[in-house]
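Okay, here's what each chain looks like letter by letter:
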Amino acid sequence: MAQADEILMGEALAEARAAGEAGEVPIGAVAVMGGEIAARGQNRVLRDCDPTAHAEMVALRAAAQDVGNYRLTDCELYVTLEPCAMCAGAMIHARLGRLVYAAADPKAGAAGSVLEVLNHPRLNHIMAVTAGILADESADLLRAFFRERR
């Protein structure tokens, strides 16, 4: 599974690079069902003038449209940065099967870095979470983006 996780995270990183080239914070995501990519997402908050257009949200919306159901129990989401509270909440509501993320987010991460939204004992959904897949590549991409902006 680790090799497949790296390949799929590589696809999410490609989305992140495309977002960065478009002037967005370089975060990307892919939604996978049955081992196949069902949807792709990248940060689009500036292009869409939408504060909810995080890469995860874009991919989750597209995956739900693809399967015709907002419940994504058989879906794995690969994202290049630990989700924020908004995205983690959407994953819970979608009943996401599994989350795989690359780099931790020490400023806004809601999978344990700052908040523990995912798999909180008082919430009604538990999902598998795998962290750290291609974390260095993702962190390097983000650092380079922000270094160029300063």
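Predicted, not measured: the structure shown is a model, and the values here were computed from it. (Residues numbered from 1 in each chain as written. Predicted model: local features only at pLDDT ≥ 70, side-chain atom pairs only at ≥ 80, totals over all residues. Heavy atoms only, no water.)

## Brief notes about the packing of helix α3 (residues 55-67) against helix α4 (residues 85-93)
Where we set the bar: In this description, a line fitted to the C-alpha atoms serves as the axis of each element, helices being fitted only across the stretch in contact, and the angle between N-to-C directions of two axes falls anywhere from 0 to 180 degrees. Each helix is a run of H or I in the DSSP string that is no shorter than four residues. Each strand is a run of E no shorter than two, and both are numbered from the N terminus. Any angle that is under 35 degrees is reported as roughly parallel, and any over 145 degrees as roughly antiparallel; angles of 65 to 115 degrees are reported as roughly perpendicular and all others as oblique. Definitions for this section: a left-handed crossing has its near helix turned counterclockwise from the far helix by less than a right angle. A right-handed crossing has that turn clockwise. We call two residues contacting when some pair of their heavy atoms lies within 4.5 Å. Residues were grouped as follows: Ala, Val, Leu, Ile, Met, Phe, Trp, Tyr, Cys and Pro as nonpolar; Asp, Glu, Lys and Arg as charged; and all remaining residues, including Gly, as polar.
Running from N to C, α3 and α4 cross one another at 20 degrees; their axes reach a closest spacing of 9 Å. Relative to α4, the element α3 is oriented roughly parallel. Viewed along their axes, α3 and α4 form a crossing whose handedness is left-handed. Taken together, the residues of α4 that come into contact with α3 (itself represented by E56, M57 and L60) are M86, C87, A90 and M91. Split by residue class, the contact of α3 with α4 holds six nonpolar, no polar and one charged.

## Digging into the sheet that holds strand β1 (residues 28-33)
Test applied: Strand pairing requires that DSSP identify at least two bridges connecting the strands.
Ordered in space as β2-β1-β3-β4-β5, the five strands form an open sheet in which the pairing is mixed. Strands with a single pairing partner mark the edges of an open sheet, and in this sheet they are β2 (36-42) and β5 (128-131). Ignoring which end each strand starts from, the neighbouring axes of this sheet average 15 degrees apart. Judged from the five bridges that link them, β1 and strand β3 (residues 75-81) form a sheet pairing that is antiparallel. Within β3, the residue paired with A29 across the bridge is V79. Along the sheet, helix α1 (residues 2-21) contacts β1, β2, β3, β4 (98-103) and β5; its crossing angle with β1, the most-contacted strand, is approximately 140 degrees.

## Considering the pattern of salt bridges
The following threshold applies: We define a salt bridge as a contact between a side-chain nitrogen of Lys or Arg and a carboxyl oxygen of Asp or Glu at a distance within 4 Å. Accessible area is worked out with a 1.4 Å probe on protein chains only. A residue is then buried under 20% of its type maximum, exposed over 50%, and partly exposed in between.
Within the structure shown, the criterion is met by seven salt bridges. With its nearest N and O atoms 2.7 Å apart, the salt bridge here joins R98 to D5. On the criterion of sequence distance, the pair formed by R98 in strand β4 and D5 in helix α1 is long-range, its members being 93 residues apart. By the burial criterion, R98 is buried, and D5 matches it. E11 is paired through a salt bridge with R40; the nearest N and O atoms lie 2.8 Å apart. You can see E11 sitting in helix α1 and its partner R40 sitting in strand β2, a full 29 residues away along the chain. Relative accessible area serves as the criterion here: at 29%, E11 is assigned to the partly exposed category. One network of salt bridges, with partners in common, ties together D5, E76 and R98.

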